[in-house]
Structure formats: C-alpha cells, structure tokens
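Below, each chain spelled out in residue letters.
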Amino acid sequence: MTATPPNDTWGIEALWEQLLPLLPGLSIEVAERLGSTNATLVDRLRQAGRGARDGRGHAPRAEDLEPALLVAVEQTQGRGRLGRHWQSAAGASLTFSLSRVLERADWSGLSLAVGVALAEALDPAGRHLALKWPNDLWLRPASDETGAGRKLGGILIEAIGLGEHRVAVIGIGLNVRPVPGAEGSAHLNELDATWTAPRALAAVMPAVAQALQRFEAQGFAAFEAAYAARDLLRDQPVTTTDPACPQGLATGVEPDGALHVRTPDGQAHRVISGEVSVRPAAAPPA
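An account of the accompanying structure is given in this report. Keep in mind that what you see is a predicted model, and the values were worked out from it rather than measured.

The end-to-end C-alpha separation of helix H4 (residues 197-218) is 31 Å, in line with the 32 Å expected for 22 residues at 1.5 Å each. The largest bend in H4 is about 25°, located at Val204, with the proline Pro206 one to four residues further on. Residues of H4 that are buried include every one of Ala197, Ala200, Leu201, Val204, Met205, Pro206, Ala207, Val208, Ala209, Ala211, Leu212 and Phe215, and no others. On its buried face, H4 sits against helix H1 (12-19), strand E2 (68-75), strand E3 (93-101), helix H3 (110-122) and strand E7 (165-175). Its side-chain oxygen 3.2 Å from the backbone nitrogen of Arg199, Thr196 forms the N-cap of H4.

Taken in spatial order, the five strands line up as E11-E10-E9-E8-E12 in an open sheet, and their pairing is antiparallel. Only two strands of the sheet have a single neighbouring strand rather than two, namely strand E11 (268-271) and strand E12 (278-280). Averaged over all pairs of adjacent strands, the angle between strand axes in this sheet comes to 45°, irrespective of strand direction. Note that strand E10 (residues 259-262) and E11 share four bridges and pair antiparallel.

So, on to the environment of Ala193. Inspection of the secondary structure puts Ala193 in the loop between E7 and H4. Relative accessible area serves as the criterion here: at 64%, Ala193 is assigned to the exposed category. Residues Ala193 and Val176, 17 residues apart in the sequence, show an inter-C-alpha distance of 9.2 Å.

A word on the packing of H3 against H4. Remark: H3 packs on H4, axes separated minimally by 8 Å, with the N-to-C direction vectors making an angle of 145°. When you trace H3 past H4, the crossing you get is right-handed. Only Ala203, Val204, Ala207, Val208, Ala211, Leu212 and Phe215 of H4 make contact with H3, whose side of the interface consists of Leu110, Ala113, Val114, Ala117, Leu118, Ala121 and Leu122. A per-class count over the contact of H3 with H4 returns 14 nonpolar, no polar and no charged.

Rules used throughout
- Residues numbered from 1 in each chain as written.
- Predicted model: local features only at pLDDT ≥ 70, side-chain atom pairs only at ≥ 80, totals over all residues.
- Heavy atoms only, no water.
- Helix = DSSP H or I, 4+ residues; strand = E, 2+ residues; numbered from the N terminus.
- Expected span 1.5 Å × (residues − 1).
- Bend = angle between axes of the 7 residues up to and from the residue.
- Buried < 20%, exposed > 50% of the residue type's maximum accessible area, 1.4 Å probe, protein only.
- Contact = heavy atoms within 4.5 Å.
- Polar contact = N/O pair within 3.5 Å; in protein donor to acceptor, adjacent residues only side chain to side chain.
- Pairing = 2+ DSSP bridges.
- Axes fitted to C-alpha atoms, helices over the stretch in contact; angles between N-to-C directions.
- Left-handed = near helix turned anticlockwise from the far one by under 90°.
- Nonpolar A, V, L, I, M, F, W, Y, C, P; charged D, E, K, R; others polar.

Structural measurements only, silent on function.
Spelled out as structure tokens, the structure:
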C-alpha cells in the first residue's frame, strides 16, 4: 500500500485490507491531482515492458504484474471511450483506475461485467441505475422526465501486453455531485445526499474486484442475466455509427457482449464494441 493524503479521508488502509484477499499484492495510491489515472497506469506498464525488453530480464518483474489501484482526487485530462473528454472535479467526481492481469483469453463483455458490478454496488435494488451498452452507467428518468435518462458514469478499458500476460487497465469515472461543465449529466447525490467520492470508492471497489474474479472464470455469461435486468437500450429504438445499421430496435445483448439490433427492414445485426457509438433514438425508426 502506498502513501495517501495525511488525514486519509479515503479510508485506504481499511479498503486495502478488504481488497487484499481478492487482489493479492495490491498497491493503492491516492494522488491529489493527475491528468488521467488510466494514462498513468498505462504508461507505467509500458515502461515496465520496455525495461524487460532492454535486458533487465526476459519477463516482467513480479511487482509489475501485481494489481494497482490509482485514485485521483482531481483529474484534469480524463478520457472516455472513442477519445471523448471526461469532465471531473475534485470532490464532485470519483475517478480511479485498476490494473490487473487477466489470464482469460476472451475479454468480450468485460466492460459490461464491470458495469453490472458498479450498478449493483450503488443501487442494489435496481430501481435507479441502468446500463447503456457498452460502458456507461445511467440514471433512469424520473416519472416527470422525458427521454432515456442521464449519464452518471463511464468505464474505459485498455489492454497492455506484458511478456506473456495481458493486463487490463480499467478506468472508472462517476459523478458524485454536479460537475461544472457537465450540465445535464446525473450524479449520485440525486439518489442519496450522503454519497461522497470516498464512500463510493469503498462501495464499488470490492464489487469490481469480485466481478473480475468471476469474469476471469466464467466470462460475460455469468453477468448476462444481471445485465439484461438493467439494459437501458433493450426494446428501445437506437441510432448507431455502424454504416450497416444506422438505426433500429435494440433487442438485447448476446452472450459474448455484442448488441443485437433489428433494423426497420427486419434484418438482424450484431453491433460489436470498438469504434461504434450507440445512442437512444428520439423516436422509433420508421
């Protein structure tokens, strides 16, 4: 465990002790200000990989393969999927990244599994939080609201090769209070005014660690039913950036994590995460 802010408002020692059985060798670091937690961990892993190739060993050092949790009190250059900027602010956001070796060859649906873990930890009853394929956490609309809801958080997963191993760098950003510059988004204080960034970290990290163990053993199939229960897009009209499927009706997520969309002409399409963006449509396709 590495150093934390002097007053340890994050409760890192207790969290570390709780997570250690799930993430042996875990280190935790809380930085007051960072550009991007994902970029920082990715850079560290790439440097470790270069060190191994430069003659310091034919394989990464054991410590390079151990899990690392990096939290930023303030993140200034947060990244979302497809290169989008993630707005965050000290005290109003929870931004952190976890690096962990995943020996499972097939990572299909990993971001969906992490999303399930977040939603279940923050909203166990499933009344408020939904999941938008492939990596967003949304607040369901209130009875007096129109539309599909509002984004509350996001997940960014990157893979780094380290010798014979692949390391997943899992970045998570959650709005805790209203974030300047992110008007129209949702935040946890809408559910409960007592949510803070440290409390949210303590709630979600054990769930994410357990989900990674389960995913490594069983893949997305272990999360398919739980995802379906919170699927924001299921049976809803959507628009996509996939030229083969610009609009249609989302009919659920397949066992490998692909989004199934039926176009207006009745054709079925599999939309696979990557460079494709999917959004709820304003109205059903003609």
